[in-house]
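Now for the letters of each chain:
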Amino acid sequence: MREFRRFGAAVLAVLLLCSLLSISAAAAEPVAVEGETTILFTHDLHSHFLPQDTGGGGQSGGYARLKAAINAEREKHPDALLLDGGDFSIGSLVQTLYTTQAAELRTMGAMGYDATTIGNHEFDHKGTGFAEMLTSAAASGERLPAMVCANYKPAADHPDRDLIRSAMDGYGVQETLLLERGGVTYGIFGLMGVDSDDCAPTSGFTLEDPAAAAKRCAESLRAQGAEFIICLSHSGTDGDVKKSEDEQLAQNVPGIGVIVSGHTHTTLEAPIVVNGTYIVSAGPYSQNLGSITLQRLSDGSLRLSDYRLIPIDETVTGDADTASMVEGWKAMVGEEYLARYGLTYDQVLTTAQFDLPTPSSGVQEGNALGFLVADAFQWACHNLTADSYLADTVTVTADGVLRAPLRQGEITVSEAFDVLSMGVGEDGTSGFPLVAVYLSGKELKAAMEVDASVTPIMPAAQLYMSGVSYGFNTNRMFFNRVTDSHLAEPPFVNGFTAVGLETINDEALYRVVTGMYSAQMLGTVKEKSMGLLSLVPKDAQGSPIQDFTNCILYDKNGNEIKEWYALAAYLQSFGQEGIPGWYAAPDGRKAVSDSLNPVELLKHPNWITLAVLAVLLLFILLVVLVVRTIRRRKKRKTA
């Protein structure tokens, strides 16, 4: 019996050893590589046809250099796909040809793009402008990138719905695309994100849930024989996963191989991998060409073989054909758009002895570029408007509309345009116009409170004003941070001064001049502040404004005064002397304190602070009562 047990144990040991060896051999056996896929990608090109100065003699971007990099990559990977994640338009003077020439899509076609999707800035000229652009592109007869978007369609009640649908059909806009390359069938679809849709309030389009649309597209493409699914998403990623739309998409929709992620202007040095999906971003403005190579494995999974962001900078020699095409667009801009202003594309307006960078996220002390632009609007009210200048005008611009810096050295017309390149006027041409509205003194102070309280959580809301000075303490209660405010002369009147001239009267109406987009956003303050603040733009009689087109400012020739032109004309007024030195740093018109002095924290409390203090006092009283009650009970027990 003992020998039988020993024999059984030996057999069991042998079987266990064989099992382990079998498992080990299976684990050691590599999964077969069935092939490789290389995807070249961009997003958020924003009409950056030409290189941009980066300071110190460096440059970034430009389509001629981008095309040279594409050519070099395709020599290594002849079957590589070239894809774009949307927002290919709006960001330079060439965008002024958007509706008439479709310069962006035609150039992308010449550069060899296989497909792109729609971004929110494709609707800066509204839905009808988007349609005009598509029609112009199709009429060119040239090679164009395919356009895919599955979840963004003209609203059923849009007055020009049929025109827009006809233009989309004429171009060939589709939900999905099957593309065969190198013996592999790729299934490609496009998405508009939730935040992107919020950023396109005048599109006239309706948004389908991105995840639902993605599931529908992925299933349809697989049923049609697609072996590799790619999503071109204008949704973006975020450091907070809960706000990272493309990470949420990958988590909720399995089976997508790659998401080319646009909208948030993110530069991902390595892919984000979620649920087996590779999310990639190369940064905006053609700063980089992204390249990802994935091995397709026999078990259906993907394995990263190579990922690179190829810098498009001054070390890259541009492609001659693309450079010639861009020069043609520049000449056309001069003829069709700039001639009415008496300006040319590369004309030098003035010089700067220092950089004026775009605002840094969360930095509230002030930004010289922001104040320069606000002063430019004020200068335009003095010098460009057909109507006589009105006293007590406050001009405003916001972080979110300042799209490019001004660099030390010569400043050209095209660089001034780049700073304020967004939007379209009622005249149908590029650039938001200036508009004049009225706010009460109380509402004007509320706008300052938006700057003080909302900026930390929403940097694009940071405001820059001319005609006022104010101060706030970042440690005071939300929506009660502003401690003082006054009317103040702009610096070009009598030389720079940040000294307040006159106290703001809560009941009086004050003329406020800003860009069309910023004016439209004033009415959303109540919603964004959960009803704690309210701004209602009014006319001179105090009636709420229903249509901002009636508020547009015009010059003496009846032309809309564009935001960008106000800046360009102000810069030109400096002449050879250059931008005044008071713009070299924050100038004190916005005084920011972080003092913890109790007097400064509690002076001039509004109802919000008083309510919070009342709640805090009640809480303290409650704690005191509870403690006293417990002590009394203890005394009774010990008595």
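Everything below is about the structure printed above this text.
Just so it is clear, the structure is predicted and the values come from calculations on it, not from any experiment. Within every chain, residues take consecutive numbers counted from 1 along the sequence as written. Restriction of local features to residues with pLDDT of at least 70 applies here, the model being predicted, together with a cutoff of 80 or more for giving and counting side-chain atom pairs; totals for whole chains, interfaces and linings are based on all residues. Water and hydrogen atoms were dropped before computing side-chain values, which therefore reflect all heavy atoms in the structure.

Enquirer: What is the right way to read the packing of helix α5 (residues 126-139) against helix α6 (residues 161-171) from this model?
Expert: How two helices pack is summed up by the angle between their axes together with the distance between the axes. Orientation is described by axes fitted as lines to C-alpha atoms, over the contacting stretch for helices, and by angles from 0 to 180 degrees between their N-to-C directions. What counts as a helix is a DSSP run of H or I of at least four residues, what counts as a strand is a run of E of at least two, and both are numbered from the N terminus. Contact geometry of α5 with α6 gives a least axis separation of 8 Å together with a crossing angle of 30°. Comparing their axes, α6 and α5 come out roughly parallel. Note that α5 runs across α6; the crossing there is left-handed. Between α5 and α6, the residues in contact are Gly127, Thr128, Phe130, Ala131, Leu134, Thr135, Ala137 and Ala138 and Leu163, Ile164, Ala167, Met168, Gly170 and Tyr171, respectively. Residue polarity follows a fixed list, in which Ala, Val, Leu, Ile, Met, Phe, Trp, Tyr, Cys and Pro are nonpolar, Asp, Glu, Lys and Arg are charged, and the others, Gly among them, are polar. Its residues placed into classes, the contact of α5 with α6 shows 10 nonpolar, 4 polar and no charged. Note on angle classes: values under 35 degrees are labelled roughly parallel, values over 145 roughly antiparallel, values of 65 to 115 roughly perpendicular, and the remainder oblique. Rotating anticlockwise by less than a right angle from the far helix to the near helix defines a left-handed crossing, while the corresponding clockwise rotation defines a right-handed one. Contacts between residues were defined by any pair of non-hydrogen atoms, one from each residue, lying within 4.5 Å.

Enquirer: What's the story with unusual backbone geometry in this structure? I'm lost.
Expert: Keep in mind that most residues, glycine aside, have a negative phi and that most peptide bonds are trans. We note that Ser47 has phi near 55°; this positive angle belongs to a residue other than glycine. Residue Asp87 is not a glycine yet carries a positive backbone phi of 60°. With respect to the element layout, Asp87 can be found in the loop between β4 (81-84) and α3 (98-101). Buried residues are those whose accessible area, probed at 1.4 Å on protein chains only, stays under 20% of the maximum for their type, while exposed residues exceed 50% and partly exposed ones sit between those limits. Given the relative accessible area of 1%, Asp87 is considered buried.

Enquirer: In this structure, what is going on with the nonpolar core? I would like to understand it.
Expert: Across soluble globular proteins, you tend to see nonpolar side chains buried next to one another. Buried Ala, Val, Leu, Ile, Met, Phe, Trp, Tyr and Cys residues that are joined via side-chain atoms within 4.5 Å together make up what is termed a nonpolar core. Phe130, Leu134, Leu356, Leu372, Trp564 and Leu571 are the most contacted members of the largest nonpolar core, which has 90 residues in total. Aside from chain neighbours lying at most four places away, what touches Trp564 is Tyr337, Leu338, Tyr341, Leu343, Val413, Ala416, Phe417, Leu420 and Ser430. Membership of the second largest hydrophobic core comes to 36 residues, among which are Ala452, Met465, Phe472 and Leu533.

Enquirer: What is the right way to look at the state of the cysteines in this model?
Expert: Any covalent bond linking the sulfur atoms of two cysteines counts as a disulfide. When two cysteine sulfur atoms lie within 2.5 Å, the pair is treated as a disulfide. Under the definition given, this model contains 0 disulfides. Free of any disulfide, Cys199 has its nearest cysteine sulfur in Cys149, 15 Å distant. Using a relative accessible area of 31% as the deciding quantity, one classes Cys199 as partly exposed. For Cys381, which is in no disulfide, the shortest distance to another cysteine sulfur is to Cys551 and amounts to 13 Å. Look at Cys381 and you get buried, because its relative accessible area is 1%.

Enquirer: What should I look at first to understand the sheet that holds strand β24 (residues 502-503) in this one?
Expert: Sheet strands pair via backbone hydrogen bonds, and the direction of the pair is either parallel or antiparallel. When DSSP finds two or more bridges between two strands, those strands count as paired. Pairing within the open sheet is mixed, and its 4 strands lie in the order β24-β23-β22-β26. Of all strands in the sheet, those with a lone pairing partner are β24 and β26 (590-593), marking the two edges. When strand β22 (residues 468-473) meets strand β23 (residues 482-487), the two strands line up antiparallel, connected through 5 bridges. Bridge assignment links Val468 to a residue of β23, and that residue is Leu487. The strands touched by helix α13 (residues 441-453) are β22, β23 and β26; relative to β22, the strand with the most contacts, the crossing angle is about 50°.

Enquirer: Would you mind going over the side chain of Asp555 with me for this structure?
Expert: As for its position among the elements, Asp555 is in the loop between α16 (525-528) and α17 (563-574). In terms of polar contacts, Asp555 uses its side chain to reach the backbone amide nitrogen of Asn557, at 2.8 Å. Polar contacts, as used here, are pairs of N or O atoms within 3.5 Å; protein pairs need one atom able to donate a hydrogen and one able to accept it. Residues neighboring in sequence count only if both atoms are side-chain atoms.

Enquirer: Is there a simple way to think about the pairing of strand β21 (residues 463-466) in this case?
Expert: Remember that side chains alternate between the two faces of the sheet whenever the strand is regular. With burial as the criterion, each face of β21 is covered, one bearing Leu463 and Met465 and the other bearing Tyr464 and Ser466. As judged from the 4 bridges shared by strand β18 (residues 393-398) and β21, these two strands associate in the antiparallel manner. Each bridged residue has a counterpart across the sheet, and for Thr395 the counterpart in β21 is Ser466.

Enquirer: Looking at this model, I keep getting lost on helix α10 (residues 320-336). Mind explaining?
Expert: Since the α-helix packs 3.6 residues into each turn, any two residues three or four apart lie on the same face. Expected helix span is computed as 1.5 Å times (number of residues minus one). Over its 17 residues, α10 runs 25 Å from end to end, which matches the ideal 24 Å to within 8%, given 1.5 Å per residue. Every buried residue of α10 is accounted for by Thr322, Val326, Trp329, Lys330 and Val333. In a view along the axis of α10, the buried residues occupy a sector of 105°, so they form one face of it. Turned more than 90 degrees away from the buried face of α10, the exposed residues are Ala320, Asp321, Ser324 and Glu335. Residues of α10 that are buried in the fold lie against α2 (63-76), α3 and α4 (103-111). Within this analysis, the arc is defined by the directions that extend from the helix axis to the C-beta atoms.

Enquirer: Where do I start with α17 in this structure?
Expert: Under the 1.5 Å per step criterion, the end-to-end length of α17 is 18 Å for 12 residues, consistent within 8% with the ideal 16 Å. Across the 12 residues that make up α17, a large majority, 10, are buried. Burial in α17 covers these residues: Glu563, Trp564, Tyr565, Ala566, Leu567, Ala568, Ala569, Tyr570, Leu571 and Phe574. Two residues or fewer past α17, Gly575 is found with a positive phi of approximately 60°.

Enquirer: Sorry if this is basic, but what is going on with the pattern of salt bridges here?
Expert: Only one rule defines a salt bridge in this text: a Lys or Arg side-chain nitrogen within 4 Å of an Asp or Glu carboxyl oxygen. Scanning the model with the defined rule gives 20 salt bridges in all. Note that Asp114 is salt-bridged to Arg74, the shortest N-O span being 3.2 Å. One end of the pair, Asp114, is in the loop between α4 and β5 (115-116); the other, Arg74, is in helix α2, and 40 residues separate them in sequence. Classification of Asp114 as buried rests on a relative accessible area of 11%. Asp506 is the salt-bridge partner of Lys445, the closest N and O atoms lying 2.8 Å from each other. In this pair, Lys445 sits in helix α13 while Asp506 sits in the loop between β24 and β25 (509-515), placing the two residues 61 residues apart along the sequence. Residue Lys445 is classed as partly exposed on the basis of its relative accessible area of 28%.

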